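# Per-entry structural report
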Amino acid sequence: MPKIALVDDHSLLRNALANVIKTFPGYEVLFQANNGRHFIQVLDPDDLPDIVLMDVSMPVMNGFETTRWLNQNYPEVRVIALSMQREEWTVIRMLRNGAKGFMLKETDLEDLRRGLNEVANKGLYINEILYKRIVHTINQDPETVQANEWETAMNLSEREKEFLRLICTEKSYREIATEMCLSPRTVDGYRDLLFEKTQVISRIGLVLFAFRNGIARI
């Protein structure tokens, strides 16, 4: 039975989520916390949650910091980020800090259930609204996708891999161009070519590709 912890500074939302999750067969709500610091204080190393639903924007200690701390200290605990924000950098930064999933707070109950199941069983979930903007492979066979991705990754040039590692940072495309001693137009060319090679449609998609295939490390 997967154990869930909820970390959110909005008690009404947190309690509502807890009540909903309690209706999902096979899930247990272990505890709640109102920010990252509170979460660390009540976390029991001898009774860890399997999944943490983590608000991104919180006072005292936010979701970015808390997820990074958790990934460093208890990497077996999987974080699903919850946010009102759709910006690419919010998703990318949470993934870099160790989150295994990302859901918008406006998600419906079926998405919430699916997200918990995907992270518990497969290790990664991105809200469908965002996922459609990230990759085209949502309905493809996972083993085929993995094999195709690995082959693509193996055939990338060192320069393309360098570019992929840089887009996993918070650098803008212009800053990446400067670091690689290239023109912004050439960097745009790298990006568009990699979109084609990896069959993704956004920077987030490239970041996920880089993480999945060991080109960049969280």
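Before any of the text, the structure's been laid out above.
In this report, the structure presented in the accompanying data block is examined. (Residues numbered from 1 in each chain as written. Predicted model: local features only at pLDDT ≥ 70, side-chain atom pairs only at ≥ 80, totals over all residues. Heavy atoms only, no water.)

### What to know about the overall build of the chain
To be explicit about the condition: The secondary structure listing takes helices from DSSP runs of H or I that are at least 4 residues long and strands from runs of E that are at least 2 residues long, numbered from the N terminus. With a 1.4 Å probe rolled over the protein chains alone, any residue whose accessible area is under 20% of its type maximum counts as buried; one over 50% counts as exposed, and the rest are partly exposed. Residue contacts are defined here by distance: any two heavy atoms, one from each residue, within 4.5 Å place the two residues in contact. Here the Shrake-Rupley method, with its probe set to 1.4 Å, supplies the accessible areas, and only the displayed protein chains count as covering residues.
Check the secondary structure of the chain and you find 11 helices and 6 strands. Each of the 218 residues in the chain was classed as buried or not, and the buried ones make up 46%. Long-range contacts, defined here as pairs at least 24 residues apart, represent 64% of the contacts in the chain between residues at least 6 apart. For the chain, the exposed surface amounts to about 11100 Å²; the carbon and sulfur share of it is 48%.

### With respect to the nonpolar core
Let me state the cut-off plainly: Here the nonpolar core consists of buried residues drawn from Ala, Val, Leu, Ile, Met, Phe, Trp, Tyr and Cys, with membership extended through side-chain atoms lying within 4.5 Å.
Phe39, Val52, Leu70, Phe163 and Leu164 are the most contacted members of the largest nonpolar core, which has 48 residues in total. At 7 residues, the largest contribution of residues to this core is made by helix H11 (residues 203-212). Residues within four places of leucine 70 in sequence aside, it is in contact with Phe39, Leu43, Val52, Pro75, Val77 and Val79. Counting 17 residues, the second-largest nonpolar core is a separate cluster that includes Leu6, Leu82, Leu116 and Tyr125.

### Digging into H11
Counted residue by residue, H11 has 9 buried out of 10 residues, so it is predominantly covered. Residues Arg203, Ile204, Gly205, Leu206, Val207, Leu208, Phe209, Ala210 and Phe211 constitute the buried set of H11. Glycine 214 sits one or two positions beyond H11 and adopts a positive phi of about 70°.

### Considerations on the packing of aromatic side chains
To keep things clear, this is the line we draw: Pairing of aromatic side chains here covers Phe, Tyr and the six-membered ring of Trp, requires ring centres within 6.5 Å, and sorts the geometry by plane angle: under 30 degrees stacked, over 60 edge-to-face, intermediate tilted.
Summed over all chains, the structure comprises 4 aromatic pairs. Measuring from centroid to centroid gives 6.5 Å for phenylalanine 163 and tyrosine 173, while their planes differ by 15°, and the two rings are stacked. One end of the pair, phenylalanine 163, is in helix H8 (residues 158-167); the other, tyrosine 173, is in helix H9 (residues 173-179), and 10 residues separate them in sequence. Judged by relative accessible area, phenylalanine 163 falls into the buried class, the value being 0%. Counting every residue linked through ring pairs, the aromatic cluster contains Phe163, Tyr173 and Tyr190.

### Overview of the packing of H8 against helix H10 (residues 184-198)
Operational definition: Whenever a helix is involved, its axis is fitted only over the stretch in contact; in every case the axis is a line through C-alpha atoms, and angles between N-to-C directions fall within 0 to 180 degrees. Here the word oblique covers every angle except those under 35 degrees (roughly parallel), over 145 (roughly antiparallel) and from 65 to 115 (roughly perpendicular). We call Asp, Glu, Lys and Arg charged. Ala, Val, Leu, Ile, Met, Phe, Trp, Tyr, Cys and Pro are nonpolar, and the rest, Gly among them, are polar.
In the contact formed by H8 and H10, the axes pass within 11 Å of each other and the chain directions differ by 95°. Relative to H10, H8 is oriented roughly perpendicular. Residues Arg159, Glu160, Phe163 and Leu164 of H8 touch H10, and the partners they reach there are Val187, Tyr190, Arg191, Leu193, Leu194 and Lys197. Classifying every residue of the contact of H8 with H10 gives 6 nonpolar, no polar and 4 charged.

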